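Given next are the chains, with one letter for each unit.
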Amino acid sequence: MESGEPFFDKLILHLDTAHPGAWNMAADQAWLEQSSAPVLRVYGWDRATVTLGYAQSLAKLAGVLPDWPVVRRWTGGGVVLHEGDFTYSVIVPASDPWSCTQTLESYRRIHGSLAAALHEHGHTGCRLARKEDVVDAPFCFVAPAVHDVIRGPLKVAGAGQRRGRLGLLHQGSVQQVRLKPEFWPFWAARLARSVETARALPGPARERARVLVEARYDRPEWLREREDML
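Since the structure is predicted, the reported quantities are computational estimates derived from the model, not experimental observations.

With that settled, consider the pairing of strand E2 (residues 39-45). Most of E2 is tucked away: seven of the seven residues are buried. Every second residue of E2 is oriented toward a common face, with Val39, Arg41, Tyr43 and Trp45 on one face and Leu40, Val42 and Gly44 on the other, all of them buried. Taken together, the six bridges between strand E1 (residues 8-19) and E2 define a ladder with parallel strand orientation. The partner of Ala18 across the bridge, within E2, is Gly44. One ladder, built from five bridges, connects E2 with strand E6 (residues 86-93); its direction is antiparallel. Following the sheet pairing, Leu40 is matched in E6 by Val90.

In structure tokens form, the structure reads like this:
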């Protein structure tokens, strides 16, 4: 498990509410585009929702998904069923040096820190998955990847990432455990030396999220073929 020095000097902790899937995806991208500091966004879903990884084929999943709203993420990874899970995003703009952390290393460090925080909140036995724990399947939470968080036979946390000129976006889900509201400020204080709490998207980011919902995340073309109007 990862503990030690914080990753960031300053972090914005955005304690968001429940939203439709398209808005949740758009809000993460808007933060990535517009924030000057890293963000830990914690949020929920207004109804049970399926998210697909960026590269997954909706056609190949026909007949195996529940009859829930489906949205495609901008990040990789597998199918995630969001029903009573705990979802968060670590958003690191390109202006922060931590955004240049290599892919596998950033995944290991974020999940290592998360596993340590879970352990300290009473969820003992959490550890990072190793190669021998890996399962190849399209549904994320029956298929541990290297450096996912597992607890005994159960996968507790998984995530998808995207990185590019805007920085690093890590979208994660925690399942199979119950988290109290105070868990997130506790973890945020381990991720950064200074934490500022936000209860809503700033105005310009909110307007950008509205554009992203219409131009990308709510479009059938994005869901089927990753085509958008951006």
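Next, the rest of the story.
Strand order in this open sheet of eight strands is E7-E8-E9-E10-E6-E2-E1-E11, and the pairing throughout is mixed. A single partner strand is all that each edge strand has here, and the edge strands are strand E7 (126-128) and strand E11 (192-198). Each strand axis lies, on average, 20 degrees off the axis of its neighbour in the sheet, ignoring direction. Sheet strands touched by helix H2 (residues 103-120): E6, E7, strand E8 (149-151), strand E9 (154-164) and strand E10 (167-174). Its angle to E9, the strand with the most contacts, is close to 140 degrees.

Before going further, it helps to spend a moment on the state of the cysteines. In total, this model carries zero disulfides according to the counting rule given. In this structure Cys126 is a free cysteine whose sulfur lies 15 Å from that of Cys140, the closest cysteine sulfur available. In this structure Cys126 comes out as buried when scored by relative accessible area, which is 5%.

This part takes up the packing of aromatic side chains. Scanning all chains against the criterion turns up ten aromatic pairs. Between Phe7 and Trp98 the ring centres are 4.8 Å apart and the planes differ by 15 degrees, which places this aromatic pair in the stacked class. Placement of the pair is Phe7 in the segment before E1 and Trp98 in the loop between E6 and H2, with a sequence separation of 91 residues. Side by side, Phe7 and Trp98 carry an identical accessibility label, which is buried. An angle of 55 degrees between the planes, with centres 6.2 Å apart, marks the rings of Trp184 and Trp187 as tilted. Of this pair, Trp184 and Trp187 both sit in helix H3 (residues 183-191), separated by three residues, roughly a single helical turn. Both residues of the pair, Trp184 and Trp187, belong to the buried class. Aromatic ring contacts, followed pair by pair, group Tyr88, Phe183, Trp184 and Trp187 into a single cluster. The ring of Tyr43 has Arg41 sitting right over it, with the charged end atom 4.0 Å from the ring centre.

Turning our eyes to something else, we now look at the pattern of salt bridges. In total, this model carries 16 salt bridges according to the counting rule given. The salt bridge involving Asp46 is made with Arg47; its shortest N-O contact spans 3.1 Å. Taking the relative accessible area as the measure of exposure, Asp46 reaches 37% and is therefore partly exposed. For Arg210, the salt bridge identified is with Glu207, shortest N-O distance 2.2 Å. Placement of the pair is Arg210 and Glu207 together in helix H4 (residues 203-217), with a separation of three residues, close to one helical turn.

About the cut-offs
The residue count restarts for each chain, going from 1 along the sequence in the order it is written. Whole-chain, interface and lining totals are the exception, using all residues; otherwise, since this is a predicted model, local features are given only for residues with pLDDT of at least 70 and side-chain atom pairs are given and counted only at 80 or more. Neither water nor hydrogens contribute to the side-chain values; these are computed over all heavy atoms in the structure. Here the term buried applies to any residue with accessible area under 20% of the maximum for its type, exposed to any over 50%, and partly exposed to those in between, with areas from a 1.4 Å probe on protein chains only. What counts as a helix is a DSSP run of H or I of at least four residues, what counts as a strand is a run of E of at least two, and both are numbered from the N terminus. By definition, two strands form a pair when at least two bridges between them are found by DSSP. Only C-alpha atoms enter the line fits that serve as axes; for helices the fit covers just the stretch in contact. Angles between N-to-C directions range over 0 to 180 degrees. Whether two residues are in contact is decided by their heavy atoms, any of which lying within 4.5 Å being enough. Cysteine sulfur atoms that pair up within 2.5 Å are treated as a disulfide. Any pair of Phe, Tyr and Trp rings, taking the six-membered ring for Trp, is counted once the centres come within 6.5 Å. Such a pair is stacked with planes under 30 degrees apart, edge-to-face with planes over 60 apart, and tilted for the rest. Two conditions define a charge sitting above a ring: the NZ of Lys or the CZ of Arg must be within 6 Å of the ring centre, and it must be within 35 degrees of the ring normal. Every case where a carboxyl oxygen of Asp or Glu lies within 4 Å of a side-chain nitrogen of Lys or Arg is listed as a salt bridge.

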